[in-house]
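Spelled out, the chains give:
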Amino acid sequence: MAIRRLSYRLDQEPETGAVRLIPAGASPGADGQVPGQGRGQVPGQESGKESGQEPGREPAADPGEFGPAVERVMGAGSELSYSLLPDGGRLLCAALPGQRVEALYLSADTPGPGPVWPIDTWRSATWEPGAQETLGAGFVESELPVPEAHFDRERLVEFARERADRVAPFLADVRRLFEDPAGRQIVLVEKDSEAVARWVALACASLPEAYVPLLTFTTWTTAPHQSPQQIIGIGPEAEFDRSDPATLAYLYRVHDGTGGPQSPPPDRDPWARFTAERWISGNPPRPAPGAMPRPEDAFALLPLISKGGGSASDGGDGSEGGDAAGLTKAPSGADLAGLGDDSLRAVFDDLAGSVARGEADSRTLGELDRLCRGLDADRAHAARPLALALVRHRLDAPRARDTLPDLTAFEGLPLGQEAWRQLREEYGDRADDALRRRLCDPVHTWTEPLRLALAVGTDGGPGLAEAMNRLAGALLRPDRGECAHAVRVLDEVGHLPLTRRVLRLLIKDFTERKLDRLRELARSPQGDWLWRHIEEAPLTVRLVAAAAQWHGPPDHLRGAELFKRLTELLPGQKVEDKTTLGLLWHIVWRTNPPDRAEQPWIARTCTPRLIVEADLGRRVIGWLREPDHCDAELVEFARVMCGDAKLGAGDRHTAALLVTAQDLADGRMLLTRSTVERLAELFRKAPPPGLVLRQGIDERVGHALARAKALDVCDSHGVRILFAARRELLRPYRAYFLDDRTRDRLLRELPEQPAELAAYFHIWRPRQRHGVSPEWNTVAEELLDEVLAPVLDHVDDHHLGRVATVLQRENQDVQGWTAWRRRIKQREHPTAHPTAPQDE
């Protein structure tokens, strides 16, 4: 290693303006050396009395040896410049007042003393030839200018905040200098060289310490096109076209502090964004000290985060955290203060990559784990990649590969649903296989493998499916010890989704046998567990458990009372679908029909249509057979029962008979020959109805025949029904015609309707033949005398003759009509001499 410090006087040709360096005068310096004479040392060299030299000194060098290089730098009008020479050495030149120049040459293998050296030498008093020399770190005798804290971190933070929008673009361009050494130089346009020096200091304080000696610069020059340095400082008056597109696009990257062009904010440079945010937030980065890092690690974010990553001169001892390739110290929440969303994500991505590459020791892993658990919502979202990397690292550890993966320790990490999905895909099969192997052991040993399998989330694995099926099967055998073991395992695991799924399996392929076993479970000691989780159970289990409870003391509910109480547990407190109705029915009545007295309430509560859809019509058909009242509800029930194909033929005929009678009575069905034949057929096929139902049917048929037109009754052969009618049918028929309103209507209408008048006479005339009941003859005779006879007084001779014509045409009893008229006339005029009617 070698250091040369040289002093010159700057001279300039008056005619050409060329710069010429003249070695400084030979007046003695403070240390007895001749200024301008080369001085140097080799660290570790033995003291050499034999050589006749002072220990650590090399022979004096000719100042002219480095003169050409210094002239090239100073010829560009530089103030403080730092350049790399072809031999690998470095040249630091400072232009001082009085046309003096101090130059410092360091060989390629000579290290620098600090993280921001050599920019720290800007305007340093130690450049003066007579300044006192001070030992620097790593040197036996140092002639390096000593920093005077021109660029301490507090001042750089203030500088970065004043130029906040320019820091990230500038640092991104600095990084490009090392990615492409032959790329574009950076030109800093400022009003004074102090601002340029601070920009260079900011770059040096942000770069890895080993990169600082490679960053060349000049704080101020009047000839930027002649300057070979990477960072060139100029003033606004310098000869440099800042508006030329070619200059900006191909030659230089310009950062104009006077309002001109500058590089755009970096979108894809997390290092530049992060470093800028750290400076602006007042929490400056601390680049890693030490040897030159690998290219892929040179601009890693992690070394900038941890306060333990600083060098000794920055307050960190640099001793913790392993080698330079590993993590020096995990960051804390305070280290992340002031970072934007993009930088946070980049930091955590970098941390995740370090963990995935195995660069973190156990202490660092623990610190990262605690960091992730202590983050708030926004930061926790950004930390998901790191959390996932931590989980994978521990699950993939050699000692964990043959064991069941335990994720319960990571439940507090901000993994997110997507990360859990990935973990289930990667480790679910392993956990499920391990669980399946453990199912050969007794039930009470399943707690831990179940808990671990559920932590990984092996929802669809065959092992978990088999475990749940066997737990459900054990619960349905409360008479065996495995039932209690299953309850204990479910309680110990304490996994609500698992409990919910096992409860659902209790009703899978539901049968009468399972229904009985569910009742037994509800009544067993394990029923307490069932009631503790009753809100998570499916509706079937809740209904069966409630029925088992209310069936016993103190309620002792049965039948419709139990059914009604169970409906209160349903949504809306009513039965709305056939599946629920079928379930309730089997719980309350099994395969038996309800008591006859309960059937009307059941039909009204559940609706007949739902009963038929649930295939339960046969269970309540007794209401139709033996009703208490033949009302509209019964008719609607019968109407629905007509569509139940599972009913017996007799019950369907009975329902159809009642519905047909009601439709005829309401006029929804016309009285025709086909309807009369249908009605007669139903009367023949239906089993003899009970008294109430028979009366209801007869009343409706009687009303239908009474309200129909007499001609329709004749044409449809409805008179045949009347001839054989019982008292229940004739009662409403007779009452209809004897009503004053009906009699008044007929009295008004029939005199002008000879055909209708003839039809009434044909229906009501007396008949003495087989099949005609005495009750009908009595009613018919009464209606002839009380209803039809008064009409005759209002019929003129013409219409009376037409009545006879209609009767004759229809081959009906014309003679009976004549005899009846004569009898009515004699009854009304007993003293009149009988004469032949004129119309006949």
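Rules behind the numbers
Residues numbered from 1 in each chain as written. Predicted model: local features only at pLDDT ≥ 70, side-chain atom pairs only at ≥ 80, totals over all residues. Heavy atoms only, no water. Helix = DSSP H or I, 4+ residues; strand = E, 2+ residues; numbered from the N terminus. Buried < 20%, exposed > 50% of the residue type's maximum accessible area, 1.4 Å probe, protein only. Contact = heavy atoms within 4.5 Å. Areas by Shrake-Rupley, 256 points an atom, 1.4 Å probe, with all protein chains shown as cover. Core = buried A, V, L, I, M, F, W, Y, C linked by side-chain atoms within 4.5 Å. Pairing = 2+ DSSP bridges. Axes fitted to C-alpha atoms, helices over the stretch in contact; angles between N-to-C directions. Parallel < 35°, antiparallel > 145°, perpendicular 65-115°, else oblique. Nonpolar A, V, L, I, M, F, W, Y, C, P; charged D, E, K, R; others polar. Expected span 1.5 Å × (residues − 1). Arc of directions from axis to C-beta. Salt bridge = Lys/Arg side-chain N within 4 Å of Asp/Glu carboxyl O.

Enquirer: Account for the overall build of the chain, with residues named and values stated.
Expert: In terms of helices and strands, the chain carries 37 helices and nine strands. Relative to its 840 residues, the chain shows a buried fraction of 50%. Sequence-distant contacts, at least 24 apart, represent 66% of the contacts inside the chain between residues at least 6 apart. Of the accessible surface of the chain, which amounts to about 40,100 Å², a share of 49% is contributed by carbon and sulfur atoms.

Enquirer: Give me the nonpolar core: which residues, what numbers.
Expert: If you look at the biggest cluster of nonpolar residues, it comprises 222 residues, and the most contacted ones within it are Trp764 and Trp776. Apart from the residues lying within four places of it in its own chain, the contact partners of tryptophan 776 are Leu722, Phe723, Leu730, Tyr733, Ile763 and Trp764. Within the second largest apolar cluster, 13 residues are counted, among which are Leu6, Ala69, Met74 and Tyr105.

Enquirer: Give me the lowdown on the pairing of strand β9 (residues 252-256), citing residues and values where you can.
Expert: With five of five residues buried, β9 lies mostly within the body of the structure. Here strand β6 (residues 185-189) pairs with β9 via five bridges, running parallel. Of the residues in β9, the one forming a bridge with glutamine 185 is tyrosine 252.

Enquirer: Summarise the packing of helix α32 (residues 727-738) against helix α35 (residues 774-792); cite the residues concerned and give the values.
Expert: In the contact formed by α32 and α35, the axes pass within 11 Å of each other and the chain directions differ by 0 degrees. Judged on the interaxial angle alone, α35 and α32 are roughly parallel. Residue-level contacts link Arg727, Leu730, Tyr733, Arg734, Phe737 and Leu738 of α32 to Glu775, Trp776, Val779, Glu782, Leu783, Glu786 and Val787 of α35. In the contact of α32 with α35, the residues fall into eight nonpolar, no polar and five charged.

Enquirer: Give me unusual backbone geometry: which residues, what numbers.
Expert: Of the consecutive residues tryptophan 117 and proline 118, the connecting peptide bond is found in the cis state with omega at 20 degrees. Secondary-structure assignment places proline 118 in the loop between β5 (100-106) and α2 (153-162). Even without being a glycine, aspartate 509 presents a positive backbone phi close to 50 degrees. By the element assignment, aspartate 509 lies in the loop between α16 (496-505) and α17 (512-523). Taking the relative accessible area as the measure of exposure, aspartate 509 reaches 62% and is therefore exposed.

Enquirer: Talk me through helix α37 (residues 814-828); I want residue IDs and the actual numbers.
Expert: Compared with an ideal rise of 1.5 Å per residue, which puts 15 residues at 21 Å, α37 spans 21 Å between its outermost C-alpha atoms and is within 8% of the ideal. Residues of α37 that are buried: Trp817, Thr818, Trp820, Arg821 and Ile824. Mapping the buried residues of α37 onto a view down its axis gives an arc of 165 degrees, with all of them on the same face. Looking at the packing, one finds that the buried side of α37 touches α34 (754-764), α35 and α36 (797-809).

Enquirer: Would you mind going over the pattern of salt bridges in detail, with residue names and values included?
Expert: Counted by the stated rule, this structure contains 42 salt bridges. For the salt bridge of arginine 500 with glutamate 536, the shortest nitrogen-to-oxygen distance reads 2.8 Å. Linking arginine 500 in helix α16 with glutamate 536 in the loop between α18 (527-532) and α19 (539-551), this pair joins segments that are 36 residues apart in sequence. The exposure class of arginine 500 is partly exposed, given its relative accessible area of 28%. With a shortest N-O distance of 3.3 Å, aspartate 615 and lysine 646 are connected by a salt bridge. Residue aspartate 615 is found in the loop between α23 (608-613) and α24 (617-620), and its partner lysine 646 is found in the loop between α26 (632-641) and α27 (649-666); the two are separated by 31 residues along the sequence. The exposure class assigned to aspartate 615 is partly exposed, which follows from its relative accessible area of 28%. Lysine 646 sits in the partly exposed class, given a relative accessible area of 47%. Connected via shared salt-bridge partners are Glu636, Arg639, Asp663, Asp666 and Arg668.

Read these as geometric descriptors, not functional statements.
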